[in-house]
Amino acid sequence: MDFDESSTSKIVTREFLAVVLAGFGNELLPLTNNHGDEPCLKALLPIANKPMLEYPLAWLEQSGITDVLLICPTSHRSAMSNYIQSDVSASCPALRIDVQTFEESQDMAPGTCTLLRHFASRIKSDFIVLPCDFVPPPSLSLTQLLNKFRTESTYDGAIATTCFYEASKPDKGSVTEDWGLLPSNTPIVFDERTGTLLYVDTPDDVDNDNEDFHLRMSLLSQYPRTKLSASFRDSHVYVCRRSVLDALQEKSHFDSMKEEFIPWLCKPQYQRTRREKYGNILSPVTNNLSQALALKHSTLHLPARKQRLRRSAAGSDGDDDHLRSVVPSPVEQDDEEAVEPSLRVGLVAHRSAQGFASRANNLHTYLELNRFFLSQTSYTLPSDPENRALIDHKAQISSDSMIGRSTRVEERATVKRSVVGKHCIIGKMAKVVGCVLLDHCVVADGAKLDGCILGAYTKVGAKAELSRCVTQPGYEVGAGETARNEKLETSDWTAQDTSESQDSEEDSEEGSEDSTESDE
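Report on the accompanying structure. Not measured: the values here are computed from a predicted model. (Residues numbered from 1 in each chain as written. Predicted model: local features only at pLDDT ≥ 70, side-chain atom pairs only at ≥ 80, totals over all residues. Heavy atoms only, no water.)

## Quick notes on the overall build of the protein
Reasoning step 1: For the protein, the helix and strand inventory stands at 15 helices and 32 strands.
Reasoning step 2: A burial count over the protein gives 48% of its 520 residues as buried.
Reasoning step 3: Of the roughly 25500 Å² that the protein leaves accessible, carbon and sulfur atoms contribute 46%. (Helix = DSSP H or I, 4+ residues; strand = E, 2+ residues; numbered from the N terminus. Buried < 20%, exposed > 50% of the residue type's maximum accessible area, 1.4 Å probe, protein only. Areas by Shrake-Rupley, 256 points an atom, 1.4 Å probe, with all protein chains shown as cover.)

## A few points about the pairing of strand β13 (residues 232-240)
Reasoning step 1: Counting buried residues in β13 gives nine out of nine residues, a clear majority hidden from the surface.
Reasoning step 2: Examined bridge by bridge, strand β7 (residues 126-131) and β13 share three bridges and lie antiparallel to one another. In the sheet register, V129 faces β13, and the bridge partner there is Y238.
Reasoning step 3: Judged from the seven bridges that link them, strand β9 (residues 160-166) and β13 form a sheet pairing that is antiparallel. Paired with T162 across the two strands is Y238, which belongs to β13. (Pairing = 2+ DSSP bridges.)

## A few points about the sheet that holds strand β18 (residues 408-409)
Reasoning step 1: Taken in spatial order, the five strands line up as β18-β21-β24-β27-β30 in an open sheet, and their pairing is parallel. Looking along the sheet, the strands with just one partner apiece sit at the ends: β18 and β30 (476-477).
Reasoning step 2: Summarising the sheet, strand β24 (residues 442-443) and strand β27 (residues 459-460) pair through two bridges and their orientation is parallel. Within β27, the position partnered with V443 by the bridge is V460.

## Observations concerning the environment of G111
Reasoning step 1: Positionally, G111 belongs in the loop between β6 (96-102) and α3 (112-118).
Reasoning step 2: Sequence-wise, G111 and S256 are 145 residues apart; in three dimensions their C-alpha atoms are separated by 5.0 Å.

## What to know about the side chain of S243
Reasoning step 1: Of note, S243 is situated in helix α7 (residues 243-250).
Reasoning step 2: For S243, a relative accessible area of 6% translates into the label buried.
Reasoning step 3: At 2.5 Å, the side chain of S243 and the backbone oxygen of L282 are in polar contact.
Reasoning step 4: The residues touching S243, leaving out its near neighbours within four places in the chain, are I281, L282, S283 and P284. (Polar contact = N/O pair within 3.5 Å; in protein donor to acceptor, adjacent residues only side chain to side chain. Contact = heavy atoms within 4.5 Å.)

## Comments concerning the pattern of salt bridges
Reasoning step 1: Counted under the stated rule, the structure contains 16 salt bridges.
Reasoning step 2: Of the charged contacts, one joins E15 and R150 as a salt bridge, the two residues approaching to 2.7 Å between their closest N and O atoms. With E15 in the loop between β1 (3-4) and β2 (16-21) and R150 in helix α4 (residues 142-156), this residue pair connects regions lying 135 residues apart in the sequence.
Reasoning step 3: Overall, E15 belongs to the partly exposed group, its relative accessible area being 46%. (Salt bridge = Lys/Arg side-chain N within 4 Å of Asp/Glu carboxyl O.)

## A word on the packing of α7 against helix α8 (residues 257-265)
Reasoning step 1: Two elements in contact, α7 and α8, have axes whose closest approach is 12 Å; the angle formed by their N-to-C orientations is 115°. What the angle tells us is that α7 and α8 run roughly perpendicular. Considering the relative orientation of α7 and α8, their crossing is right-handed. Contact residues: α7 offers V244, A247 and L248, while α8 offers F261, W264 and L265.
Reasoning step 2: Per-class residue counts for the contact of α7 with α8 are six nonpolar, no polar and no charged. (Axes fitted to C-alpha atoms, helices over the stretch in contact; angles between N-to-C directions. Parallel < 35°, antiparallel > 145°, perpendicular 65-115°, else oblique. Left-handed = near helix turned anticlockwise from the far one by under 90°. Nonpolar A, V, L, I, M, F, W, Y, C, P; charged D, E, K, R; others polar.)

What follows is the structure, given as structure tokens:
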């Protein structure tokens, strides 16, 4: 595997460049808070004991994509580089990953549009944008998206292909609003027959009118059988022509790809004024006319071809002779320049019945993804003597659990429907149910955990009880403490220690004053 994190002379000339975004992960706080001076990378948070970044990287490799531009914060460069050199080189050897960093703070993280504009000079070909947190099912192949884009961009001038997935309903009682807002679906309008995304509802649309839904007549006249659905979520996977970046440079105020640019990109395909203004930018003249000619006469897209011919005929004088002349003849020379590019935005809509897909972009879905993988596996005791010796023969571990290597489970401990990371300790009589424990966690004797997510290096004291809590890496729960539906961060007990220190100082000052008065 080639690893390049600093070269500026390398120009990617492959068919596609994958742009993988690995940000701070503020939506997963406190799991992504620093552990002391060490950053905790969102991209390396484990899902079913495997770094979440590995899922999209494997997806890319399976599709034949080899060139990856991975963008992460500057403070994450060292940890990300180490991971790619050690782990990715073994699991995805075909990938050539170019790590680039962007100076950003956790409080002011830039959006996808800002990042794409910043790194536009490194993107010389058509490209794929995807997040580090998307976990696709086996039934959703990236090749499916790429082939749709290849065909439609060549055939009728489509400019992008998007992927939305149908969200499954969470288990009743498995989520708590104390962890933050529940994930919401995105209302979209699309044409199912052609797989075209026509409209994406944005937060601004909801703020302006949260009851009515406004669609242009030009959209409905061009696509009279549109469908409206509020069951899908944006995967943040976009296959785009290189010219889309040129349009993005024109819209310099856009920051969010999902909420601003993609909704705007849908409009030139049916709004005449936007087509006239941005058409030459989105679809410049290219040298692939011979490819377009072959696909134009393919029966694969015959219905769409007829529809276009009817529109061309409707704009003519209407006489029968001209109508007949509109139909292309195989013996006549086609004027390819007369075919106006559609500027369509394609849509692959993945249904939940076809396989579970999700993004780990909040605490709710992070827990949900881990639990999904538990339902797909069956725990068996380690086969190697070293790890087998760490599992006490009186411990109870359900089949729908995962135990990482070098983890010790002591006498009469219970682990049910949980993912336990590497190098953890589950003490005697401890009970862990429906939880995710990251690496190096310690659960002392008699402690009880229910529906919790513990950040790496968390310590839970003896006989403590936590229910639906999330801890920052390195957090320590005292013996006998109880907490429910809370985000536990080190700043909480740091503030407590500071308050106690101030009280102690005040007490010592008062004692000193009393001593002085008595001397007098």
